[in-house]
Amino acid sequence: MAETRQQASRGAARARTPWRDQLRSWFSHHRRSARDSAARLRNAPLSSLMTGLVMGIALALPTALFLIMGSIQQIGGGWEQAGRLSVYLTPETGMARVEELAGRWIENAAVGDVTVIPRDEAMATMRSSEGLSGTLDFLDGNPLPHTLVLTPDRAYREAAALEDLAERLRQAEGVSEVKLDLAWLQRLNAMAEVLGRATQALALLLVIGVVLVIANTVRLAIESRRREIIVARLVGGTDSFVRRPFLYTGLWYGALGGLLAWWLVEVAFWWLSGPVGRLAELYNSGFELQRPGIDEVVLLLGCALVLGWLGAWWAVHRHLRAVEPE
Amino acid sequence: MIEFRQVTKRYGQQFTALRGVNFALGRGEMAFLTGHSGAGKSTLLKLIMLMERATAGQVLVGGQALEKTPRRRIPYIRRHIGVVFQDHQLLFDRTVFDNVAMPLQVTGVPPNEIGRRVRAALDKVGLLKKEQLNPISLSGGEQQRVGIARAVVNKPPLLLADEPTGNLDPALSSEIMDLFREFSRVGVCVMVATHDIGLIETMGQRTLELAQGELVHDGLPAGVEIGHG
């Protein structure tokens, strides 16, 4: 049995080696390809850095926008909480009834806070508004009703719950009208959606750009290593053998571009954090730019690696076949 | 080892590089391939190397008909063929050792064995001491011997040489030819394309002569005919 097997292996291809050795040499070629490709990038630091930077900038832009979107969505809840209900009472309702309603509603679980705006105060506010004071002088007395402004509780801030609350308030005696102003919230959401779509479109375009840049860089690498590819083919190198170093080149560019993108985002956010903080303060908002977390960084680097590999794969697929011995 | 059966190779409609070529070369046999430039020598070698495909007829290498070989199998055929080029096709961005190691790396020979085999090949061509040099610093004859070491490092059963002495003086040329003869003695089938008539005559080996794509002579250069299929 052992003898026949020995004979068989002698009769077969000369270069036959056990699979364990094959596997080891496969890994060793991967290692060597990776190392060689990295060394080539190091040997031309300036041009490598340029390519990496192009990729980094192209990736940093959508990354930053996605992070900003995330930040906006997170504080969106905070703004929603401010979605307030204005309850206008009938003109004949007196101040006593106003106090009573305010006292009753504050007990309601759905209501976080109640502010009373007496008619005189409302009139004073109106008078102080530019352009209106002249017009108001023609009025006899004060036509404005007393108003109650209700801030819903945190737990009742969804649009449906607010509508429900408004409906119940309308039932109360002395209430003329309840205005629930959700329009600004819808506007914000719509704006966020527009920004989100724009970010996605931009990201798609930039991603294509990144792949093209890497593909072009790898194409040049293929051109410059033409002789080596031809010799490898002449001595029996398979397509995947010839391809491997270039795919690693793409991966390294991906890694470099991803790291630079991360760095650029961090720098940009640090640069923006001061002004953004002041702006948020002026709006009484807790808005804060969310720096990329571990998840986002891993995702960014992963995408960069995949894009680098894709670009290289494309270049290799298109150009390597043309490099044949003549 | 090599067999041509009525092989014709046409480029386009007008130019016929080979016309009904028939010959066979056995294991351990050595033969010269000669003829004027353009006679079809390179085309014949390219057909064996699968750099070109025959238009008609059959080329067999190691008993395997090449016309049915799919593209992805070509590398595995080439691994059994060592080739020496006139311009030696060495890479000047790496050492002599790394140049010779290429065919082994390609076939996935374990790294520790690569060292052993590369040194054995370099020893055979007398360049063991120069393994760490860049081939650009070697003389023309030495470069050609590095090319030979690379061609034989994985012990192929078939060795092809295309004008291996084209750029060398007669003393170096015969040195290289002696190397080839040694390989044929240990069972390697050797085919050398050359138009160096003087060299062919001194070697006294079987000679295939091509003229305008046709095999016009097959036998010893002195004119002693030997019948071949």
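Higher on the page you've got the structure.
Just so it is clear, the model here is predicted, and its values are computed rather than measured. (Residues numbered from 1 in each chain as written. Chains lettered and ligands numbered in written order. Predicted model: local features only at pLDDT ≥ 70, side-chain atom pairs only at ≥ 80, totals over all residues. Heavy atoms only, no water.)

Participant: Can you help me understand the environment of A:Gly237 in this one?
Facilitator: Inspection of the secondary structure puts A:Gly237 in the loop between helix H9 (226-234) and helix H10 (239-282). For A:Gly237, the contacting residues outside a window of four places in its chain are A:Ala232, A:Val242, B:Pro75 and B:Val106. (Helix = DSSP H or I, 4+ residues; strand = E, 2+ residues; numbered from the N terminus. Contact = heavy atoms within 4.5 Å.)

Participant: Could you clarify how one ought to interpret the interface of chain A and chain B in this entry?
Facilitator: By a frequent convention, interface size equals the accessible area lost on bringing the separate parts together. Facing 26 residues of chain A, the contacting portion of chain B comprises 28 residues. Where chain A packs against chain B, one counts four salt bridges. A:Glu324 serves as the salt-bridge partner of B:Arg71, at 3.0 Å between the closest nitrogen and oxygen. In this structure, the connection of chain A to chain B is made through six residue pairs in polar contact (both at pLDDT 80 or more). Every element with two or more residues in the side of chain A that touches chain B is listed here: helix H2 (19-43), H9 and H10 of chain A. (Salt bridge = Lys/Arg side-chain N within 4 Å of Asp/Glu carboxyl O. Polar contact = N/O pair within 3.5 Å; in protein donor to acceptor, adjacent residues only side chain to side chain.)

Participant: Before we go on, may I ask you to explain the side chain of B:Lys9 in this structure?
Facilitator: Residue and element names in this part refer to chain B. Among the secondary structure elements, Lys-9 is positioned in strand E1 (residues 2-11). Within the structure, Lys-9 has its side chain in polar contact with the backbone oxygen of Arg-53 (distance 2.8 Å). Discounting chain neighbours no more than four positions away, the residues touching Lys-9 are Phe-15, Thr-16, Ala-17, Leu-18, Thr-43, Leu-47, Glu-52, Arg-53, Ala-54 and Thr-55.

Participant: Would you explain helix H1 (residues 41-49) of chain B in this entry?
Facilitator: Along H1(B), seven of the nine residues are buried, which leaves the element largely enclosed by surrounding structure. All of the buried residues in H1(B) are B:Lys41, B:Thr43, B:Leu44, B:Leu45, B:Leu47, B:Ile48 and B:Met49. (Buried < 20%, exposed > 50% of the residue type's maximum accessible area, 1.4 Å probe, protein only.)

Participant: Teacher, can you tell me more about the sheet that holds strand E5 (residues 64-65) of chain B here?
Facilitator: Remark on secondary structure: sheet strands pair via backbone hydrogen bonds, oriented parallel or antiparallel. The strand order across the open sheet formed by four strands is E2-E1-E4-E5 (chain B), and the pairing between neighbours is antiparallel. On the outer flanks of this sheet lie strand E2 (15-25) and E5 of chain B, each paired with one strand and no other. (Pairing = 2+ DSSP bridges.)

Participant: How do you make sense of the packing of H10(A) against helix H11 (residues 294-319) of chain A when you look at a structure like this?
Facilitator: Describing two packed helices takes the angle between their axes plus the distance from one axis to the other. Residues and elements named next belong to chain A. H11 packs onto H10 with a crossing angle of 145° between their chain directions and a minimal axis gap of 7 Å. Our pair here, H10 against H11, has a crossing hand that is right-handed. Where H10 abuts H11, its residues Arg-243, Phe-246, Leu-247, Gly-250, Leu-251, Gly-254, Ala-255, Gly-258, Leu-259, Ala-261 and Trp-262 lie against Val-297, Leu-300, Leu-301, Ala-304, Leu-305, Gly-308, Trp-309, Ala-312, Trp-313 and Val-316. For the contact of H10 with H11, the per-class residue count stands at 16 nonpolar, four polar and one charged. (Axes fitted to C-alpha atoms, helices over the stretch in contact; angles between N-to-C directions. Left-handed = near helix turned anticlockwise from the far one by under 90°. Nonpolar A, V, L, I, M, F, W, Y, C, P; charged D, E, K, R; others polar.)

Participant: How should the packing of aromatic side chains be read in this particular structure?
Facilitator: Residues and elements named next belong to chain A. Within this structure, the stated rule accounts for four aromatic pairs over all chains. Ring geometry for Trp-26 and Phe-27: centres 5.1 Å apart, planes at 70°, overall edge-to-face. Overall, the relative accessible area of 40% leaves Trp-26 in the partly exposed class. What makes Phe-27 partly exposed here is its relative accessible area of 45%. (Phe/Tyr/Trp six-rings, centres within 6.5 Å; stacked < 30°, edge-to-face > 60°.)

Participant: Teacher, can you tell me more about a nonpolar patch on the surface here?
Facilitator: Residue and element names in this part refer to chain A. On the surface, Leu-204, Ile-208, Leu-212, Val-306, Trp-309, Leu-310, Trp-313 and Trp-314 cluster together into a nonpolar patch covering about 730 Å² of accessible area. Residue assignment for the nonpolar patch shows that the elements contributing at least two residues are helix H8 (183-224) and H11. Residue contributions to the nonpolar patch peak at five residues, all from H11. With respect to the helices, strands and loops of the structure, Trp-313 is situated in helix H11. (Patch = residues over 30% accessible without salt bridge, like charges linked within 9 Å, V, L, I, M, F, W, Y side chains within 5 Å. Areas by Shrake-Rupley, 256 points an atom, 1.4 Å probe, with all protein chains shown as cover.)

Participant: Please clarify how the nonpolar core should be interpreted in this entry.
Facilitator: Taken as a class, soluble globular proteins show a tendency for nonpolar side chains to be buried jointly. Membership of the largest hydrophobic core comes to 75 residues, with the highest contact counts inside it found for B:Ile2, B:Phe4, B:Leu44, B:Ile48, B:Ile81, B:Leu160 and B:Met191. With 37 residues, the next largest nonpolar core counts B:Val118, B:Ala121, B:Leu127 and B:Val190 among its residues. (Core = buried A, V, L, I, M, F, W, Y, C linked by side-chain atoms within 4.5 Å.)

Participant: What should I look at first to understand unusual backbone geometry in this one?
Facilitator: Residues apart from glycine generally show negative phi values, whereas peptide bonds are mostly found in trans. All names here are of chain B. Phi angles above zero are rare outside glycine, and Gln-6 is one such case at about 50°. Mapped onto the secondary structure, Gln-6 falls in strand E1. For Lys-155, which is not a glycine, the phi torsion comes out positive at approximately 50°. With respect to the element layout, Lys-155 can be found in the loop between helix H5 (140-152) and strand E7 (158-162). On the basis of relative accessibility, which here comes to 56%, the residue Lys-155 falls in the exposed class.

Participant: Could you clarify how one ought to interpret the pattern of salt bridges in this entry?
Facilitator: When the charged atoms of two side chains with opposite charge come close together, those side chains can pair. All names here are of chain A. Per the stated rule, a full pass over the model turns up 25 salt bridges over all chains. The partner of Asp-239 in a salt bridge is Arg-233, with the nearest N and O atoms 2.8 Å apart. By relative accessible area, which is 25% here, Asp-239 ends up partly exposed. For Arg-233, a relative accessible area of 5% puts it in the buried group.

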